[in-house]
Amino acid sequence: RDLPPRGGFEAVKYRRNLPFRGPGGLVFLGGVLAVSGFGFYRYGQGILEKRRLQREKVWSRIHLVPLLTAEGDRDAYRRQQAALDRERAIMKDVPGWQAGESSYHNPKYATPKIVVL
């Protein structure tokens, strides 16, 4: 007959030996919230920076308007003088011709003297 060994048989190992499978769901939730919070913070900072740049752009245009207006006026005057010089050169042989005067003798149809750009 077979008998058990002295002291009995070894205990049966029935417990599962599973390795650690990583962090739990709360850790992932915390990580997602942290990354999302940082992303929204950076997004808000970007919006503020964009507003600052837009404000700077508007103010720079406001401050440049007088300079650009003066430059346009100088250009219009230079073009007008060049046109008068060309007219004088072309009509130099016509007696009594005044360069820059209207060829219509009615002021109702006269072109305005002020150039607005």
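Residues numbered from 1 in each chain as written. Predicted model: local features only at pLDDT ≥ 70, side-chain atom pairs only at ≥ 80, totals over all residues. Heavy atoms only, no water.

Going by this rule: UniProt positions are given in the numbering used here, feature names are shortened, and annotations may be inferred rather than shown by experiment.
In the annotation of an unreviewed UniProt entry, the entry for the protein reads NADH dehydrogenase [ubiquinone] 1 alpha subcomplex subunit 13, and the organism field reads Dendrothele bispora. As stated in UniProt under Function (unreviewed entry), the record for the protein gives "Complex I functions in the transfer of electrons from NADH to the respiratory chain. Accessory subunit of the mitochondrial membrane respiratory chain NADH dehydrogenase (Complex I), that is believed not to be involved in catalysis." As its UniProt record puts it under Subcellular location (unreviewed entry), the protein is described as follows: "Mitochondrion inner membrane".

1. Regarding the overall build of the protein
Defined as follows: Secondary structure follows DSSP: runs of H or I at least 4 residues long count as helices, runs of E at least 2 residues long count as strands, and numbering of each begins at the N terminus. Think of it in three bands: with a 1.4 Å probe and only protein chains considered, a residue is buried below 20% of the maximum accessible area for its type, exposed above 50%, and partly exposed in between. Computed by Shrake-Rupley with a 1.4 Å probe, the accessible areas treat only the displayed protein chains as cover when residues are assessed.
Secondary structure summary: the protein contains one helix and zero strands in total. Among the 117 residues that make up the protein, the fraction classed as buried is 3%. When the accessible area of the protein is evaluated, it comes to approximately 12,000 Å², of which 61% is carbon and sulfur surface.

2. Points about helix α1 (residues 25-90)
Operational definition: Multiply 1.5 Å by the residue count of a helix minus one, and that product is the helix's expected span. At any given residue, the bend is defined as the angle formed between two axes, one fitted to the seven residues that end at that position and one fitted to the seven that begin there.
Here α1 contains 66 residues, and its C-alpha end-to-end distance of 90 Å stays within 8% of the 98 Å for a straight helix at 1.5 Å per residue. Most pronounced at L64, the bend in α1 amounts to some 40 degrees, and the proline P66 follows within four residues. Residues of α1 that are buried: G72, A76 and L84.

3. Details of the pattern of salt bridges
Think of it this way: side chains of opposite charge can pair up when their charged atoms draw near. Counted only if it meets this: Think of a salt bridge as a Lys or Arg side-chain nitrogen and an Asp or Glu carboxyl oxygen that are within 4 Å of each other.
Scanning all chains against the criterion turns up five salt bridges. With a closest N to O distance of 2.7 Å, E71 and R74 form a salt bridge. Placement of the pair is E71 and R74 together in helix α1, with a separation of three residues, close to one helical turn. Owing to a relative accessible area of 44%, E71 belongs among the partly exposed residues under this scheme. Ionic pairing is found between R88 and D85, a salt bridge with its closest N-O pair at 3.1 Å. Taken together, the residues R88 and D85, both in helix α1 and three residues apart, mark about one turn of the helix.

4. A short note on a nonpolar patch on the surface
This is how it is decided: Patch rule: a residue counts if its relative accessible area is over 30% and it has no salt bridge; like charges are joined within 9 Å, and nonpolar side chains (Val, Leu, Ile, Met, Phe, Trp, Tyr) within 5 Å.
A surface patch of nonpolar side chains, about 350 Å² in accessible area, is lined by L26, L29 and L33. Structurally, the position occupied by L26 is in helix α1. Residue L26 is classed as exposed on the basis of its relative accessible area, which comes to 73%.

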